[in-house]
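Structural overview
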Amino acid sequence: MSDEQAVPTTNNFLKTIIDDDLKSGKHDKIVTRFPPEPNGYLHIGHAKSICINFGLARDFGGRCHLRFDDTNPAKEEQEYIDSIKESVRWLGFDWGEHLYYASDNFEQLYQWALHLIKQERAYVEDLSAEEIRAYRGTLTEPGKESPYRNRSITENLNLFASMRAGEFPDGTRVLRAKIDMASPNMNLRDPVLYRILHAPHPHVGDAWKIYPMYDFAHGQTDAIEGITHSICTLEFESHRPLYEWFLDNLPVPSRPRQYEFARLNLTYTVMSKRKLHELVQLGIVDGWDDPRMPTIVGIKRRGYTPAAVRSFCESIGVGRSDSWIDISILEECVRADLNETAPRAMAVLKPLKFIIDNYPPDLVEEFQAANHPQKPEMGTRTIFFSREIWIDSDDFMEEPVKGFFRLTVGGEVKLRFGYIVKCTGVVKDVAGNISELHGEYDPASREGIHTADGRKVKGVIHWVSSAHAVTAEVRLFDRLFNDPNPDRGGSDYKQFLNPHSVETLQSCRLEATLSSADIETRYQFERQGYFRQDPKDSLPGKLIFNRIVTLRDVWAKK
Ligand code: ATP
Ligand code: MG
């Protein structure tokens, strides 16, 4: 990652641990990994994990692997593998040659399962899934040992070989570790190591009829890769003793240490893959990359920048206690980044025609407008002025409320980069709707906000010349849910969907320069927010802009 992309890094408990491990000589180089299961698209929570793992490797001169924990072919697909790689890269991280798949270790894991059988530390179980559950006991009662627990080594080896050979139907048998059915830690009550599944695998094809459980693959795969600091979320804390039991009982090549941190919980959204899947499947959103989704592909399409997401992940820190982060913090990081980098432009989203009766009909003036008010190095652009312009209908009130400083009949307003104009009349259609405004300009008022006779105007509004404007569709996105914690509805989280999470405006009028807008450029439409062309639906000749974020937090006052 280049210096330019680097974000200021603050201290956290993981950095302290790693710092100590390097100073004490326990490790001379650290190795971390980001280990997704390829069963869905990555979301902003995963971004936290990616930034932690790749960020630590970057900060301490180590390396970070991208590893697919692909032990469940029933839910995994190549589509997810491809998209996960793209999302990690988009966030600005690079695994170099260190791309791994847990499934590349399936033969080794199988050999280690045999090893456990031979040590009388694993057995083939014939009980059904339901019986296994019933025998497992509860948090307050010990479990009961299976009648198959004490099979001979030979019988176990034969049965396990037959499982691998595909001789039994799905679900008829499993391989279990023989640990302790009375352990207070439920994960140690003879956990399942292998299950039968006649399903092809997206990475290793149809070589296998049995698949290791996530818990049997995850820690050993870390050990094979030489991961020094195996960083995961807190729900794996109670799995750590099991992972350590595997390391103790298998001839693994290294001994990673696991450290847990609190997952990211973000308000006004859901992050469970099951729920995200459901939103896509039910057509509530327009795919995984719907700009309202908390997925990386969604926020990318919307126009969030990788730098903003990284600075968000850095700013929320890394801790060990569960907490909620308000989504406005993420939005603020996006604003802070775009405020620095986005060129300004004028766009009229709800156009109302304004005809300047005292302006010569054939005259066109060209004004130079700064692309960024504080950054002259970002240059200027030409904007055109003519007799007919568009202004935003929200900037006019026929009967102004108190404190309305924009345009009213008889009132004056400054056109940004242009003249002061006065509204002299309103034209209405038969239904009584305003169809156009008429007015006059003050030729001496191009510079500044004073009229020729020295009167000062309060309001400044944006506008575009109607002869030069380009037409565009603009999609105003808002939060997908209108409740801070949609998950409190359990499976009924959909009751909290925000019915106004998108408003599509046709016939918006944008300044001429935007006709050749680069798809990657994010603009600040003055007084409106930050916008970017939709990379999926925009076509040559059909401009579609997405609102990335508003200029201010409009939810704060709600
Ligand atoms: P599931 O395991 O239910 O499919 P998951 O969200 O845990 O879903 P993984 O692909 O296993 O998905 O996640 C990859 C890594 O990202 C894991 O190490 C996990 O701990 C981490 N992760 C997932 N969700 C979050 C989150 N909200 N905040 C931080 N890290 C997360
Ligand atoms: Mg997981």
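None of the values given here were measured: they were computed from a predicted structure.

This part takes up the packing of aromatic side chains. Under the defined criterion, the tally for this structure stands at 25 aromatic pairs. With a centroid separation of 5.3 Å and an interplanar angle of 70°, the aromatic rings of Phe 160 and Tyr 194 are classed as edge-to-face. With Phe 160 in helix 6 (residues 153-164) and Tyr 194 in strand 6 (residues 192-196), this residue pair connects regions lying 34 residues apart in the sequence. Measuring from centroid to centroid gives 4.8 Å for Tyr 419 and Tyr 441, while their planes differ by 75°, and the two rings are edge-to-face. One end of the pair, Tyr 419, is in the loop between strand 18 (412-415) and strand 19 (420-428); the other, Tyr 441, is in strand 20 (residues 434-442), and 22 residues separate them in sequence. Given the relative accessible area of 5%, Tyr 419 is considered buried. Three or more aromatic residues link up through ring pairs in this structure, and these residues are Phe 106, Tyr 110, Phe 160, Tyr 194, Trp 208, Tyr 211, Phe 216, Trp 245 and Phe 246. Directly above the aromatic system of Tyr 110 lies the positively charged group of Arg 164, at a separation of 4.4 Å from the ring centroid. The side chain of Arg 479 reaches across the aromatic face of Tyr 268, ending 4.6 Å from its centre.

Attention shifts here to the nonpolar core. The biggest cluster of nonpolar side chains holds 42 residues, and the ones touching the most others in it are Ile 44, Val 88, Leu 266 and Phe 312. For this core, the element with the most residues is helix 2 (residues 44-59), which contributes six residues. Judged by nonpolar contacts, the second largest core, of 34 residues, contains Leu 114, Leu 188, Trp 208 and Ala 223.

Domain annotation for the chain reports domain 1 (106-213), domain 2 (265-341 + 471-558) and domain 3 (343-468). Placing the centre of domain 2 and that of domain 3 at their C-alpha centroids yields a distance of 30 Å. Counting from both sides, the interface comprises 26 residues of domain 2 and, opposite them, 27 residues of domain 3. Here Arg 381 ties to Glu 511 by a salt bridge, and the two come within 2.6 Å at their closest N and O atoms. One can count 15 residue pairs in polar contact (both at pLDDT 80 or more) joining domain 2 with domain 3. If you list the elements that add at least two residues to the side of domain 2 that touches domain 3, you get helix 12 (327-341), strand 23 (470-477), strand 24 (502-510), strand 25 (522-525) and strand 26 (529-533). Broken down by element, the residue count for the side of domain 2 that touches domain 3 peaks at six residues, all from strand 24. Considered class by class, the residues forming the side of domain 2 that touches domain 3 number twelve nonpolar, seven polar and seven charged.

Within the secondary structure layout, Gln 506 lies in strand 24. Residue classification places Gln 506 among the partly exposed residues on the basis of a relative accessible area of 48%. Along the sequence, Gln 506 and Leu 352 sit 154 residues apart, while their C-alpha atoms lie 13 Å from each other. Discounting residues that sit within four places of it in the chain, Gln 506 has contacts with Ala 472, Glu 473 and Lys 542. A polar contact of 3.5 Å, which involves the side chain of Gln 506, links it to the side chain of Glu 473.

Take the site of ligand 1 next. Around ligand 1, the surrounding shell holds 14 residues, and the nearest of these are Glu 37, Asn 39, Thr 233, Leu 264 and Lys 273. Separating a nitrogen atom of ligand 1 from a backbone N or O atom of Leu 264 is a distance of 2.8 Å. For ligand 1, whose accessible area on its own is 590 Å², the fraction buried by protein is 86%. At three residues, the largest contribution of residues to the shell around ligand 1 is made by helix 2. Of the residues that constitute the shell around ligand 1, the class distribution is five nonpolar, six polar and three charged.

Moving on, we get to empty space enclosed by the protein. The full count for this structure, using the stated rule, is three cavities of 30 Å³ or more. In this structure, the second largest cavity occupies an estimated 100 Å³ of space. The wall of the second largest cavity is formed by His 218, Gly 219, Asp 222, Ser 230, Arg 240, Tyr 243, Glu 244, Leu 247, Pro 256, Arg 257 and Gln 258. Contributing elements (two or more residues each) for the lining of the second largest cavity: helix 7 (214-225), helix 8 (240-249) and strand 9 (257-261). With four residues, helix 8 is the largest single contributor of residues to the lining of the second largest cavity. A per-class count over the lining of the second largest cavity returns three nonpolar, four polar and four charged.

Moving on, we come to helix 3 (residues 78-90). Along its 13 residues, helix 3 runs 18 Å from first to last C-alpha, staying within 8% of the 18 Å computed at 1.5 Å per residue. Those residues of helix 3 lying buried are Tyr 80, Ile 81, Ser 83, Ile 84, Lys 85, Ser 87, Val 88 and Trp 90. Backbone geometry just after helix 3 places Gly 92 at a positive phi near 100°.

Applying the stated criterion across every chain, the model contains 46 salt bridges. Here Asp 222 ties to Arg 33 by a salt bridge, and the two come within 2.9 Å at their closest N and O atoms. Here the residue Asp 222 occupies a position in helix 7, and Arg 33 occupies one in strand 1 (residues 31-34), the gap between them amounting to 189 residues. The exposure class assigned to Asp 222 is buried, which follows from its relative accessible area of 1%. Overall, the relative accessible area of 0% leaves Arg 33 in the buried class.

Cut-offs and rules
- Residues numbered from 1 in each chain as written.
- Chains lettered and ligands numbered in written order.
- Predicted model: local features only at pLDDT ≥ 70, side-chain atom pairs only at ≥ 80, totals over all residues.
- Heavy atoms only, no water.
- Phe/Tyr/Trp six-rings, centres within 6.5 Å; stacked < 30°, edge-to-face > 60°.
- Helix = DSSP H or I, 4+ residues; strand = E, 2+ residues; numbered from the N terminus.
- Buried < 20%, exposed > 50% of the residue type's maximum accessible area, 1.4 Å probe, protein only.
- Lys NZ or Arg CZ within 6 Å of the ring centre and 35° of its normal.
- Core = buried A, V, L, I, M, F, W, Y, C linked by side-chain atoms within 4.5 Å.
- Domains from an automatic or database assignment.
- Contact = heavy atoms within 4.5 Å.
- Salt bridge = Lys/Arg side-chain N within 4 Å of Asp/Glu carboxyl O.
- Polar contact = N/O pair within 3.5 Å; in protein donor to acceptor, adjacent residues only side chain to side chain.
- Nonpolar A, V, L, I, M, F, W, Y, C, P; charged D, E, K, R; others polar.
- Near = heavy atom within 4 Å.
- Areas by Shrake-Rupley, 256 points an atom, 1.4 Å probe, with all protein chains shown as cover.
- 1 Å grid on protein atoms, 1.4 Å probe; cavity = no way out; pocket = protein on both sides within 12 Å on 5 of 7 lines; lining within 4 Å.
- Points joined across faces, edges and corners; volume = space filled by probe spheres on them.
- Expected span 1.5 Å × (residues − 1).

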